[in-house]
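Descriptive analysis of the structure
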Amino acid sequence: MNSFSDKLKNFFGKKKNLSEEVFDDLTDLLVEGDFGAEGAYILTEKLKEVCKREKAGDVEEARIILSRLLSEILRKAGTVNSGLESGKPALILLLGVNGVGKTTTAAKLADRYRTLEDRRPILAAADTFRAAAIDQLKVHGERLGVRVVAHQQGGDPAAVIFDAIKAAHAGGGDLIIADTAGRMHTKSALVEELKKINRVIESQAKGFTFLKYLVLDATTGRNAFVQAEIFKEAVSPDGVILAKYDSSARGGTIFSLAGDLGIPVLYLCTGEKYADISPFDPGRYAEEFIGLA
Ligand SMILES: Nc1nc2c(ncn2[C@@H]2O[C@H](COP(=O)(O)OP(=O)(O)OP(=O)(O)O)[C@@H](O)[C@H]2O)c(=O)[nH]1
Ligand SMILES: [Mg+2]
């Protein structure tokens, strides 16, 4: 995994006895791992309490308890399946700030659902902000052999989605994956844009499952969490896709997303290739995070 979990592994490997110092050092480490100061403190306090109750004798036992607590936090955020219902058409809207990986993720999802779930995806270029963004999606569409519905730069994103829904009705597909513009939204602009898209979906896409996935860049640490707070308040995303987890990610942000915001992580992306996306596994992630796996 990444170097941060190596650090935790090292930490647990060195110490033997459970002392106050161990818990203090662990808190510091968790903060370093993007847990957030409050989250790190609450977690170590909880760990201390459970260790006492379960009469944990050494660091190794504490580590196993910690892994359990961590996966409980992740499971608390609810379902970790994609939210798609079989046999039902769906529309996935990918949201997120600049450069986090939305367009790449749109292509990855199209490829994944087509090959593994027998879906017929349509990519919708609802990022009409930049001409390059539309072309970028078209290139992915060509490579994958997936249809791309696009308008001109500066067009209305809701109109692109309208056309994508029309294409789906006409038999062109059963899963619309919509890329959106990544400019840093103010909350009200985001809400307005989404209201318009919502209206289109309500009137044109009855019977569709509508999902909003927030894409976050794992390398941005606590910043990703702050973005998630804003998006949660504005549009209540159904789940998070954590991109660029292959880079220097420290990974603690995921626990705050689940624990503090109640947003489940659905997928981890670990590279630029289409196959570099995998469903999130809470138990395994918790174990890997503390170097147990
Ligand atoms: N290493 C790595 N790079 C990624 C991953 N996902 C995306 N990227 C790269 O990150 C950069 C930005 O990705 P985009 O998909 O264009 O991001 P975006 O959110 O659509 O960006 P904007 O449209 O400008 O807001 C590109 O160079 C991608 O190749 C990932 O999981 N791992
Ligand atoms: Mg993009």
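Look up: the structure comes first, before these words.
Read on for an overview of the structure. (Residues numbered from 1 in each chain as written. Chains lettered and ligands numbered in written order. Predicted model: local features only at pLDDT ≥ 70, side-chain atom pairs only at ≥ 80, totals over all residues. Heavy atoms only, no water.)

Moving on: the overall build of the chain. Looking only at helices and strands, the chain features 11 helices and eight strands. Relative to its length of 293 residues, the chain is compact, with a C-alpha radius of gyration of 21 Å against a globular reference of 19 Å. Projected onto its principal axes, the C-alpha positions of the chain cover 65 × 35 × 30 Å. Within the chain, the fraction of its 293 residues that count as buried is 53%. The contacts of the chain with a sequence gap of at least 6 include a subset with a gap of at least 24, amounting to 76%. (Helix = DSSP H or I, 4+ residues; strand = E, 2+ residues; numbered from the N terminus. Rg over C-alpha atoms; globule rule 2.2 N^0.38 Å. Buried < 20%, exposed > 50% of the residue type's maximum accessible area, 1.4 Å probe, protein only. Contact = heavy atoms within 4.5 Å.)

On to the packing of aromatic side chains, then. Tallying each qualifying case throughout the model produces eight aromatic pairs. Relative to Phe 289, the ring of Phe 255 lies with its centre 4.9 Å away and its plane at 65 degrees, an arrangement referred to as edge-to-face. Taken together, the residues Phe 255 in helix α10 (residues 253-261) and Phe 289 in helix α11 (residues 282-289) connect sequence positions 34 residues apart. Residue class for Phe 255 comes out buried when judged on its relative accessible area of 2%. (Phe/Tyr/Trp six-rings, centres within 6.5 Å; stacked < 30°, edge-to-face > 60°.)

Geometry only, nothing functional implied.
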